[in-house]
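As a plain string of letters, each chain reads:
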Amino acid sequence: MNTLGVTAFHHVAVSVGDMEKMVSFFCEKLGFEVEIEDPNRSGEPLDKVIGLEDVKAHVVLLKGYGVHIELLKFKHPEGEPRAAFRQCDHGFTHICLKVADIDKAYGQMLNSGARFTTAPQNLRPGVWATYVLGPEQLIVELAQYDEP
């Protein structure tokens, strides 16, 4: 039951250390497009929403496949790389993109230099998946759901 008045899912945010590398990964390898870029986002409203003081950030909003991904490169305060991360650790673990032909997507990305955890695997009847290893421990699942 939606008592909050939610109308749609809008975006997922990712704090990044290397904005150029992350934008390249999402745009060149996964087909997203830059919708908005603000290299100097700051101000009191941002400080209040984020809960930090004197925030300065480079913000890029990507669009693709009906979703948005917001990339944030914090200039102040500077973020830190997270420690070694495993999918079983608590918190957000990955995003998933549904593909029509997982073998084709896997081959194209492999040929472009993308790294994977494995070749596509049959997880259960009608579902094939693999994980693409992006910059800064980012993981993107590619999944094919065969229609019954």
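Heads up: these notes are all about the structure in this document.

Reading guide: rules and limits
Residues numbered from 1 in each chain as written. Predicted model: local features only at pLDDT ≥ 70, side-chain atom pairs only at ≥ 80, totals over all residues. Heavy atoms only, no water. 1 Å grid on protein atoms, 1.4 Å probe; cavity = no way out; pocket = protein on both sides within 12 Å on 5 of 7 lines; lining within 4 Å. Points joined across faces, edges and corners; volume = space filled by probe spheres on them. Helix = DSSP H or I, 4+ residues; strand = E, 2+ residues; numbered from the N terminus. Core = buried A, V, L, I, M, F, W, Y, C linked by side-chain atoms within 4.5 Å. Buried < 20%, exposed > 50% of the residue type's maximum accessible area, 1.4 Å probe, protein only. Contact = heavy atoms within 4.5 Å. Arc of directions from axis to C-beta. Polar contact = N/O pair within 3.5 Å; in protein donor to acceptor, adjacent residues only side chain to side chain. Phe/Tyr/Trp six-rings, centres within 6.5 Å; stacked < 30°, edge-to-face > 60°.

1. Some remarks on the layout of surface pockets
The volume enclosed by the largest pocket comes to roughly 630 Å³. As for the largest pocket, its lining consists of 23 residues, and the residues nearest its centre are Val14, Ser15, Val16, Arg82 and Glu136. Looking at the lining of the largest pocket, the elements with two or more residues in it are strand S1 (11–15) and strand S4 (67–76). Considering each element in turn, the lining of the largest pocket owes the most residues, four residues, to S1.

2. Structural notes on the nonpolar core
Core analysis: the biggest nonpolar cluster contains 26 residues, and Phe26, Leu30, Ile69, Leu71, Val132, Val140 and Leu142 have the highest contact counts within it. For this core, the elements supplying multiple residues, two or more each, are helix H1 (19–29), strand S3 (56–64), S4, strand S5 (95–98), helix H3 (102–111) and strand S9 (139–145). For this core, the element with the most residues is H1, which contributes five residues. Residues in contact with Leu142, not counting those within four places in the same chain, are Leu97, Val99, Ile102, Ala105, Met109, Phe116, Trp128, Ala129, Thr130 and Val132. Core analysis: the second largest hydrophobic core is formed by six residues, Leu46, Val55, Ala57 and Val59 among them.

3. Some words on H3
Residues of H3 that are buried: Ile102, Ala105, Tyr106 and Met109. Across the axial projection of H3, the buried residues extend over an arc of 100°, all falling on one side. In H3, the exposed positions angled more than 90 degrees off the buried face are occupied by Asp103, Lys104, Gln108 and Asn111. Summarising the contacts, the buried residues of H3 are in contact with H1, strand S6 (115–116), strand S8 (127–133) and S9. Sitting at the head of H3, Asp101 places a side-chain oxygen 3.2 Å from the backbone nitrogen of Asp103. Just downstream of H3 lies Gly113, where phi reads positive at about 100°.

4. Some points on the packing of aromatic side chains
Under the counting rule described, the total for this entry stands at four aromatic pairs. A ring pair is formed by Phe32 and Tyr65, whose centres lie 5.2 Å apart and whose planes are at 85°; its orientation type is edge-to-face. On the criterion of sequence distance, the pair formed by Phe32 in the loop between H1 and strand S2 (33–42) and Tyr65 in the loop between S3 and S4 is long-range, its members being 33 residues apart. What makes Phe32 buried here is its relative accessible area of 3%. Judged by relative accessible area, Tyr65 falls into the exposed class, the value being 56%. An aromatic cluster of three or more residues is present, and its members are Phe25, Phe26, Phe32 and Tyr65.

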